[in-house]
Amino acid sequence: MYLFKKGIKMKWIIIIWGLLSLVGCQSKPEGFVIKGEFQGAPENEWVYLTNTGQTVYYDSVQLKKGKFEFKGKVDYPELRSITYFKDPSQRIYGWDKIMELPIYVENSTIRVSLPFAGLLSKLEKKVPGNLRVEGSHAHDLYAKYKERVTPFVVKDDSLFDAYRRAYYYKKGTEDDVFRCVRGMDAMRDSVFAVGVEFIRQHQESPVALYVAKNLRVRAYDRDKAKEVVGFLPENVKATPMGQQAMKALLEQPLYVGDVLPDFDVLNVDLQTVKLSMLLKKGHYTLVELWASWCGPCRADIPHLKETYQRYHEKGFEMVSISIDDDMEAWQKAVKEEGMPWNQVCGANGKGYKKECMDLFGVNGVPSCVLIDKEGRVISTNARGGWLNEKLAALFKE
């Protein structure tokens with residue numbers, strides 16, 4: 001009897017040991033392998049594994065019979081791009097020549113297949129219909145998100161093309177401009193709504209954190225940002241990517257509904273004054289960031305003059321804040337353009353690192369915010385047709 005029980009005991013030990021060994025064999029891989037094929041690709045051309053902005057290059061390899069392979073390791077699933085440059089000399093500005101294929105990478109064997117002719121440039125927002133990606137659960141979820149938002153993004157691009165024709169090239173009426181603006185706002189609201197719902201449904205996914213980091217929360221208010229954060233579990237928020245998402249959602253310098261921050265500026269006589277001294281209570285005010293060397297900024301000035309003349313008597317004011325470092329160049333531009341509203345220059349910092357840029361939460365010019373009669377932000381995108389459409393509504397035209 002004892003031997004029988006002992007035999008059974010040994011049998012179970014062997015079974016358990018075997019199961020543990022099997023689990024060990026099925027443990028997570030230590031890194032990722034991307035096995036790719038671009039059917040019909042030219043021989044020996046280089047492809048790169050980069051981040052989605054092409055500011056980080058993780059790996060590069062030459063195509064051999066259309067095939068390539070990347071290896072590495074990620075601490076957390078993350079979005080990367082398989083990138084091909086049609087013109088290697090145009091790696092930064094030639095978006096139409098930068099072919100980019102976003103892939104969510106996790107530590108597994110990932111197979112990617114696409115005809116070389118199906119590679120799309122950074123200018124194109126559609127997802128190639130014949131793209132095949134296998135082996136990345138994160139990418140499967142990312143693809144579902146892209147499938148939902150892409151129609152809105154494509155429609156937004158189409159509306160922007162129509163807007164440019166109507167507004168900048170004067171090939172349309174003001175009503176045409178306003179229709180485009182309202183349409184683009186609706187598309188962007190739809191992208192935002194899809195993103196918020198995606199986060200709510202997939203709270204534990206790294207893709208949800210990617211979506212959260214890229215939401216346009218500053219166009220809404222702080223309460224909306226807090227609502228989105230409320231969907232994320234505490235264990236997810238505690239991760240490094242969760243902390244990045246929390247910062248992107250909750251720590252934008254300026255949201256709709258905020259009081260415009262006050263700071264030092266220089267007037268045209270290079271005297272230091274407070275921005276608040278230039279803002280009139282009881283008036284709607286556009287506060288614009290620009291620079292004398294910025295072509296699009298100066299191209300907008302004739303439009304701003306028209307808007308100012310149209311609404312100034314009704315209670316509309318403007319303040320232009322330059323980020324110029326060269327005071328003489330700024331003063332010269334102010335004189336040349338003859339803008340009849342307050343002209344000042346950011347007093348602290350240099351160029352894109354000026355204090356005003358940080359406080360507005362922007363990294364480029366021109367950038368404009370519109371504030372109400374009490375000094376609160378009512379639009380963080382108050383340029384061109386958006387400004388005119390908003391003012392027409394405010395002044396009931």
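Heads up: the structure comes first, above all this text.
Predicted model, so just to flag it, every value in this text is computed and none were measured. (Residues numbered from 1 in each chain as written. Predicted model: local features only at pLDDT ≥ 70, side-chain atom pairs only at ≥ 80, totals over all residues. Heavy atoms only, no water.)

## Quick look at the overall build of the chain
Within the chain, the regular secondary structure consists of eleven helices and 15 strands. In terms of C-alpha radius of gyration, the chain reaches 27 Å, well past the compact-globule figure of 21 Å for 397 residues. With respect to the three principal axes, the spread of C-alpha positions in the chain is 105 × 55 × 40 Å. Here the analysis covers contacts within the chain between residues at least 6 apart in sequence; of these, 67% occur between residues at least 24 apart. Looking at the chain as shown, the accessible area adds up to about 21,400 Å², and 54% of this sits on carbon and sulfur atoms. For the chain, the centre of its 57 positive side-chain charges and the centre of its 52 negative side-chain charges are spaced 6 Å apart. (Helix = DSSP H or I, 4+ residues; strand = E, 2+ residues; numbered from the N terminus. Rg over C-alpha atoms; globule rule 2.2 N^0.38 Å. Contact = heavy atoms within 4.5 Å. Areas by Shrake-Rupley, 256 points an atom, 1.4 Å probe, with all protein chains shown as cover. Lys, Arg positive; Asp, Glu negative; His and termini not counted. Charge placed at Lys NZ, Arg CZ, Asp CG, Glu CD.)

## Some thoughts on the sheet that holds strand 2 (residues 46–50)
An order of 3-2-5-6 is seen for the four strands of this open sheet, with the pairing classed as antiparallel. Bordering the open sheet on either side are strand 3 (57–62) and strand 6 (98–105), each of which pairs with just one other strand. Taking each pair of neighbouring strands and ignoring which way they run, the sheet shows an average axis angle of 20°. In this structure, strand 5 (residues 78–85) lies alongside strand 6, joined through eight bridges in antiparallel fashion. Bridge assignment links Phe85 to a residue of strand 6, and that residue is Ile98. (Pairing = 2+ DSSP bridges. Axes fitted to C-alpha atoms, helices over the stretch in contact; angles between N-to-C directions.)

## Regarding the environment of Ile321
Within the fold, Ile321 resides in strand 12 (residues 316–322). C-alpha of Ile321 to C-alpha of Asn342: the two residues are 21 residues apart in sequence and 8.6 Å apart in space. Filtering out sequence-adjacent residues up to four positions away, Ile321 remains in contact with Phe263, Val265, Leu275, Val287, Glu288, Leu289, Trp290, Val344, Cys345, Gly346 and Cys356.

## A few points about the packing of aromatic side chains
Scanning all chains against the criterion turns up 21 aromatic pairs. Each ring, one from Phe68 and one from Phe70, has its centre 5.6 Å from the other, and the planes form 55°; the classification is tilted. With respect to class, Phe68 is no different from Phe70; both count as buried. Taking 5.5 Å as the distance between ring centres and 20° as the angle between the ring planes, the aromatic pair formed by Tyr311 and Phe395 counts as stacked. With Tyr311 in helix 8 (residues 295–311) and Phe395 in the segment after helix 11 (384–394), the pair connects residues that are 84 residues apart, well separated along the chain. (Phe/Tyr/Trp six-rings, centres within 6.5 Å; stacked < 30°, edge-to-face > 60°. Buried < 20%, exposed > 50% of the residue type's maximum accessible area, 1.4 Å probe, protein only.)

## A few points about the state of the cysteines
Taken as a whole and judged by the stated rule, the model has one disulfide. Linked covalently through their sulfurs, Cys294 and Cys297 form a disulfide whose S-S length is 2.4 Å. On the S-S bond that ties Cys294 to Cys297, the torsion sits near 80°, and the link is right-handed. Each of the two residues, Cys294 as well as Cys297, counts as buried. Free cysteine: Cys345, not disulfide-bonded; nearest cysteine sulfur from Cys356 at 7.8 Å. A relative accessible area of 1% places Cys356 in the buried class. (Disulfide = S-S within 2.5 Å.)

## Points about the pairing of strand 13 (residues 342–346)
Burial runs high along strand 13: four of the five residues are buried. The pairing of strand 9 (residues 264–266) with strand 13 spans two bridges and is classified as antiparallel. Looking across to strand 13, one finds that Leu266 is bridged to Cys345. Here strand 12 pairs with strand 13 via four bridges, running parallel.

## Comments concerning helix 7 (residues 240–250)
Taken together, the buried positions of helix 7 are occupied by Met241, Gly242, Ala245, Met246, Ala248 and Leu249. Across the axial projection of helix 7, the buried residues extend over an arc of 165°, all falling on one side. Opposite its buried face, helix 7 presents the exposed residues Pro240 and Lys247, each directed more than 90 degrees away. (Arc of directions from axis to C-beta.)

## Some words on the packing of helix 2 (residues 137–167) against helix 3 (residues 174–201)
If you want to describe how two helices pack, look at the angle between their axes and the distance between the axes. As a packed pair, helix 2 and helix 3 sit with axes 8 Å apart at the nearest point and diverge in direction by 165°. On the basis of their axis angle, the class for helix 2 and helix 3 is roughly antiparallel. In the crossing of helix 2 with helix 3, the sense of the turn from one axis to the other is left-handed. Grouping the amino acids of the contact of helix 2 with helix 3 by side-chain chemistry returns 19 nonpolar, three polar and five charged. (Parallel < 35°, antiparallel > 145°, perpendicular 65-115°, else oblique. Left-handed = near helix turned anticlockwise from the far one by under 90°. Nonpolar A, V, L, I, M, F, W, Y, C, P; charged D, E, K, R; others polar.)

## Considering the sheet that holds strand 4 (residues 67–72)
Strands sit in the order 4-1-7-8 across an open sheet of four strands; the sheet is mixed. Every interior strand has two partners, whereas the edge strands, strand 4 and strand 8 (132–134), have only one. On average, each strand axis in the sheet is tilted by 10° relative to the strand beside it, whichever way the strands run. Here strand 1 (residues 32–39) runs beside strand 4; their pairing, made up of six bridges, is antiparallel. Paired with Glu37 across the two strands is Lys67, which belongs to strand 4.

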